[in-house]
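Breakdown of the fold
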Amino acid sequence: MAISTGLLSVADLTADDIRHLISDAIRSKQRGSSAFLNGKVLALVFEKPSLRTRVSFDVAMWQLGGHAVYLSPDEIGLGKREKISDVARTLSRFVDGIVARTFSHPTLEKLAEYSRVPVINGLSDYEHPCQALGDLLTIHEKRGVLKGLRLAFVGDGNNVARSLLMAASLVGMDFCIASPPGYALEEATLHRAEGFAAKSGARISATSDHRLAVRDADIVYTDVWISMGQEAEAGDRHQAFASYQVDTELLSLAKEGAIFMHPLPAHHGEEVVEGLLDHPQSVVYDQAENRLHIQKAILLKVLGGQVA
Ligand code: CP
Ligand code: NVA
């Protein structure tokens, strides 16, 4: 799937696509944006709450001369008030593109199947591609390269981890994930990433030993233990992840000066010790800002338009 037709999964991209998106984002961040998307309208269809994704897409459209229409969970009722296929077919008559945040990935795929306009994944239970691409932009900004770095992901083998693994393995960044038993990334995803890694030279590994994972890491990354939609599993998850908290002691086992990343929102005192987001090695707010810049690059590719 070429990016001009939408973005549901990082696995739809090539390493070159990722490199181009990052360089476009750097350029537009440095020079500011122009009204490349004058007159274009983007629908934001959200089944779950959002701060970063919603605001950054809305602001990106505004700064590029276009407009965004936000549709909250209660308004559309995807598959409840109306069939997903009918929502897709109707919305595509009004707008030029759709960003959707859904509970289930198949909902997103169905939306894309019936939509005449490109659909961008604004997070599903399976992937969060815009997050992973923004994260690579941040890492590139902080380290100057991507290939050859080592990223340690401590925590759940979730949507964020899955997209980041794909992105890292495409661009040649080593990726080690440490998850408690029962919460690891599935074999099929690891296998897919290994296919990308065979070309790029990335090394992929999975363990339950978080101390081992962070050793020699350039980036220590974590995400919530309980993702949106998993609230009923909170008790079991708190128990399983209790020893996987990222604190200054764990961070000190990584390379000197390693950066700490988190997609946010964070549950302070759970996956991250209180105060870690303000640690000098933390880049989480730059990381959040970069969602805006990478998404401008994505929108220009998907909706048509060039960074001067
Ligand atoms: N990281 C991220 O996607 O944040 P939101 O859930 O606030 O959009
Ligand atoms: N894994 C988290 C990411 C939030 C941006 C979730 O899905 O809730």
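Bear in mind that the values here come from a model prediction, so they are computed numbers and not experimental data. (Residues numbered from 1 in each chain as written. Chains lettered and ligands numbered in written order. Predicted model: local features only at pLDDT ≥ 70, side-chain atom pairs only at ≥ 80, totals over all residues. Heavy atoms only, no water.)

Some words on the overall build of the chain
Within the chain, the regular secondary structure consists of twelve helices and ten strands. Taken against the 2.2 N^0.38 rule, which gives 19 Å for 308 residues, the C-alpha radius of gyration of the chain at 19 Å falls within 12% of a compact globule. Along the first, second and third principal axes, the C-alpha atoms of the chain reach 55 × 45 × 35 Å. Out of the 308 residues belonging to the chain, those deemed buried represent 56%. Entry remark: accessible area of the chain is about 12,800 Å², with carbon and sulfur atoms responsible for 51%. Computed over 31 positive and 38 negative side-chain charges, the inter-centroid distance for the chain is 7 Å. (Helix = DSSP H or I, 4+ residues; strand = E, 2+ residues; numbered from the N terminus. Rg over C-alpha atoms; globule rule 2.2 N^0.38 Å. Buried < 20%, exposed > 50% of the residue type's maximum accessible area, 1.4 Å probe, protein only. Areas by Shrake-Rupley, 256 points an atom, 1.4 Å probe, with all protein chains shown as cover. Lys, Arg positive; Asp, Glu negative; His and termini not counted. Charge placed at Lys NZ, Arg CZ, Asp CG, Glu CD.)

So, the site of ligand 2
In the vicinity of ligand 2, the contacting residues are Leu123, Asn158, Asn159, Val160, Asp223, Val224, Ser227, Met228 and Leu264. Here Asn158 contributes a side-chain N or O atom positioned 3.4 Å from a nitrogen atom of ligand 2. Asp223 places a side-chain nitrogen or oxygen 2.7 Å from a nitrogen atom of ligand 2. The fraction of the free accessible surface of ligand 2 (270 Å²) that becomes covered by protein chains is 95%. Looking at the shell around ligand 2 residue by residue, the classes come out as five nonpolar, three polar and one charged. (Near = heavy atom within 4 Å. Polar contact = N/O pair within 3.5 Å; in protein donor to acceptor, adjacent residues only side chain to side chain. Nonpolar A, V, L, I, M, F, W, Y, C, P; charged D, E, K, R; others polar.)

Considerations on the sheet that holds strand S3 (residues 67-71)
Taking strand neighbours across the sheet as the criterion, the five strands line up as S1-S5-S4-S2-S3 in an open arrangement whose pairing is parallel. The outermost strands of the open sheet, each flanked by one partner alone, are strand S1 (6-7) and S3. Both strand S4 (residues 97-101) and strand S5 (residues 119-121) contribute to a ladder of three bridges, which runs parallel. Residue Ile98 lies in a different strand from S5, and its bridge partner there is Val119. Contacts from helix H5 (residues 105-114) reach S4 and S5, with the element oriented near 165 degrees to S5. Against the sheet, helix H12 (residues 284-303) makes contact with S1, strand S2 (41-46), S4 and S5, and its axis sits at roughly 155 degrees relative to S5, the strand it touches most. (Pairing = 2+ DSSP bridges. Contact = heavy atoms within 4.5 Å. Axes fitted to C-alpha atoms, helices over the stretch in contact; angles between N-to-C directions.)

Some thoughts on the site of ligand 1
Around ligand 1, the surrounding shell consists of Ser50, Leu51, Arg52, Thr53, Arg101, His128, Gln131, Pro263, Leu264 and Arg291. Contact between ligand 1 and Thr53: an oxygen atom at 2.7 Å from a side-chain N or O atom of the residue. Calculation on ligand 1 without its partners gives an accessible area of 250 Å², and the protein chains cover 96% of this total. Residues that form the shell around ligand 1 fall into these classes: three nonpolar, four polar and three charged.

Considering the nonpolar core
In terms of nonpolar packing, the biggest core is built from 62 residues, with Ile139 and Met173 touching the most fellow members. Counting residues per element, this core draws most heavily on helix H7 (residues 159-171), which supplies nine residues. Residues Ala152, Ala178, Ile226 and Val246 belong to the second largest nonpolar core, which totals 26 residues. (Core = buried A, V, L, I, M, F, W, Y, C linked by side-chain atoms within 4.5 Å.)

Brief notes about a nonpolar patch on the surface
On the surface, Leu51, Val55 and Val59 cluster together into a nonpolar patch covering about 230 Å² of accessible area. Note on Leu51: relative accessible area 52%, which makes it exposed. (Patch = residues over 30% accessible without salt bridge, like charges linked within 9 Å, V, L, I, M, F, W, Y side chains within 5 Å. Salt bridge = Lys/Arg side-chain N within 4 Å of Asp/Glu carboxyl O.)

Notes on the pairing of S2
In terms of residue burial, S2 counts as a mostly covered element, since five of its six residues are buried. The pairing of S2 with S3 spans five bridges and is parallel. Bridge pairing in S3 places Leu42 opposite Ala68. Handedness of the crossover joining S2 and S3 through helix H2 (residues 52-63): right-handed. By the bridge criterion, five bridges tie S2 to S4 in an arrangement that is parallel. Note on S4: the bridge partner recorded for Ala43 is Ile98. (Right-handed = clockwise from strand over helix to strand, strands pointing away.)

Remarks on the pattern of salt bridges
This model, assessed by the stated rule, comprises 13 salt bridges. The residue Asp86 makes a salt bridge to Arg89 at a minimum N-O spacing of 3.4 Å. A residue pair is termed a helical-turn pair when its members lie 3 or 4 positions apart in one helix, as Asp86 and Arg89 do in helix H4 (residues 84-91) at three residues. Note that Arg162 and Glu186 form a salt bridge whose closest N and O atoms lie 2.8 Å from each other. Of this pair, Arg162 sits in helix H7 while Glu186 sits in the loop between strand S7 (174-178) and helix H8 (187-200); the two residues are 24 residues apart in sequence, bridging distant segments of the chain. Within the structure, one salt-bridge network assembled from shared partners comprises Asp24, Arg27 and Lys301.

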